[in-house]
Amino acid sequence: MQTAEERYGMPENFLEIEIRAPQFHGAGRGKYVDYEIICNTNIPAFKLKKSTVRRRFSDFEWFRDALERESTRVNIPPLPPKVYFNNRYSDEVVEQRRIGLERFLQIVAGHPLLQTGSKILCPFIQDPNFSRDSY
């Protein structure tokens, strides 16, 4: 019979990705929102067990394009749609985008081929000094 610890202990491999705490920066045409990405995992492909970074939507666009170029065998899901209207910074629009980005990141981060084959997946999710220019 299993002990309670065996039954309810930490799963062998776990990956939790959460996107939260949107922050507004700048003003006028230079205004943008970035999001906090929190990652908790014990999957060996990820260098850190716990990490927190911030990324903006344009970073996600670059990341998705880079994943598509890098891994032709994996179907990369779409990002939430870009919003071009005056209400793009409304609480509702920002929250819908946050939910869509979180779903996107959970799918790509959880894909075994990307975990082992991507050079940009882990740095994008975990490196606070991540720079597009490095890839």
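Here, the structure is the one placed above.
Only a predicted model underlies this, so the values are computations on that prediction, with no experimental measurement involved.

Definitions and limits used
Residues numbered from 1 in each chain as written. Predicted model: local features only at pLDDT ≥ 70, side-chain atom pairs only at ≥ 80, totals over all residues. Heavy atoms only, no water. Axes fitted to C-alpha atoms, helices over the stretch in contact; angles between N-to-C directions. Helix = DSSP H or I, 4+ residues; strand = E, 2+ residues; numbered from the N terminus. Parallel < 35°, antiparallel > 145°, perpendicular 65-115°, else oblique. Left-handed = near helix turned anticlockwise from the far one by under 90°. Contact = heavy atoms within 4.5 Å. Nonpolar A, V, L, I, M, F, W, Y, C, P; charged D, E, K, R; others polar. Core = buried A, V, L, I, M, F, W, Y, C linked by side-chain atoms within 4.5 Å. Buried < 20%, exposed > 50% of the residue type's maximum accessible area, 1.4 Å probe, protein only. Expected span 1.5 Å × (residues − 1). Phe/Tyr/Trp six-rings, centres within 6.5 Å; stacked < 30°, edge-to-face > 60°. Lys NZ or Arg CZ within 6 Å of the ring centre and 35° of its normal. Pairing = 2+ DSSP bridges.

Draft legend 1. Expanded view of the packing of helix 2 (residues 57-70) against helix 3 (residues 91-109). In contact at an axis separation of 12 Å, helix 2 and helix 3 are set at 30° when each is read in the N-to-C sense. Judged on the interaxial angle alone, helix 3 and helix 2 are roughly parallel. Regarding helix 2 and helix 3, the two cross each other, and that crossing is left-handed. Contacts between helix 2 and helix 3 involve Phe57, Phe60, Phe63, Arg64 and Leu67 from the first element and Arg97, Leu101, Phe104, Leu105 and Val108 from the second. The class makeup of the residues in the contact of helix 2 with helix 3 is 8 nonpolar, no polar and 2 charged.

Draft legend 2. Focus on the nonpolar core. With 31 residues, the main nonpolar core has Ile37, Phe60, Phe63, Leu105, Val108 and Ile125 as its most contacted residues. Apart from residues lying up to four places away in sequence, isoleucine 37 is in contact with Ile17, Glu18, Ile19, Ser51, Thr52, Val53, Arg55, Phe60, Leu105, Phe124 and Ile125.

Draft legend 3. Seen up close, helix 3. Its 19 residues give helix 3 an end-to-end C-alpha distance of 26 Å, which sits within 8% of 27 Å, the value for a rise of 1.5 Å per residue. Inspection of helix 3 places Val93, Val94, Arg97, Arg98, Gly100, Leu101, Glu102, Phe104, Leu105, Val108 and Ala109 among the buried residues, and these make up the whole buried set. Buried positions along helix 3 lie against strand 1 (15-25), strand 2 (32-41), helix 2, helix 4 (112-117) and helix 5 (121-126).

Draft legend 4. Representation of the packing of aromatic side chains. Taken as a whole and judged by the stated rule, the model has 6 aromatic pairs. A network of ring pairs unites the aromatic residues Phe60, Trp62, Phe63, Phe104, Phe124 and Phe130 as a single cluster. Directly above the aromatic system of tyrosine 32 lies the positively charged group of arginine 56, at a separation of 3.5 Å from the ring centroid. For the cation-ring pair, arginine 97 lies above phenylalanine 57, with the distance from its terminal atom to the ring centre recorded as 3.6 Å.

Draft legend 5. The arrangement of the environment of isoleucine 99 in detail. Mapped onto the elements of the fold, isoleucine 99 is located in helix 3. Each C-alpha atom of the pair isoleucine 99 and arginine 20 lies 8.9 Å from the other, and the pair is 79 residues apart in sequence.

Draft legend 6. Region of interest: the sheet that holds strand 3 (residues 50-56). Read across the open sheet, the 3 strands follow the order 1-2-3; overall the sheet is antiparallel. Strands at the two margins of the open sheet, each flanked by one partner only, are strand 1 and strand 3. Here the average twist between neighbouring strands, direction ignored, is 20°. Pairing analysis gives 7 bridges linking strand 2 to strand 3, with the strands arranged antiparallel. Residue pairing in the sheet places cysteine 39 in a bridge with serine 51 of strand 3. Across the face of the sheet, helix 2 comes into contact with strand 1, strand 2 and strand 3 while running at roughly 100° to strand 3. Along the sheet face, helix 3 touches strand 1 and strand 2 and points at about 145° away from the line of strand 1.

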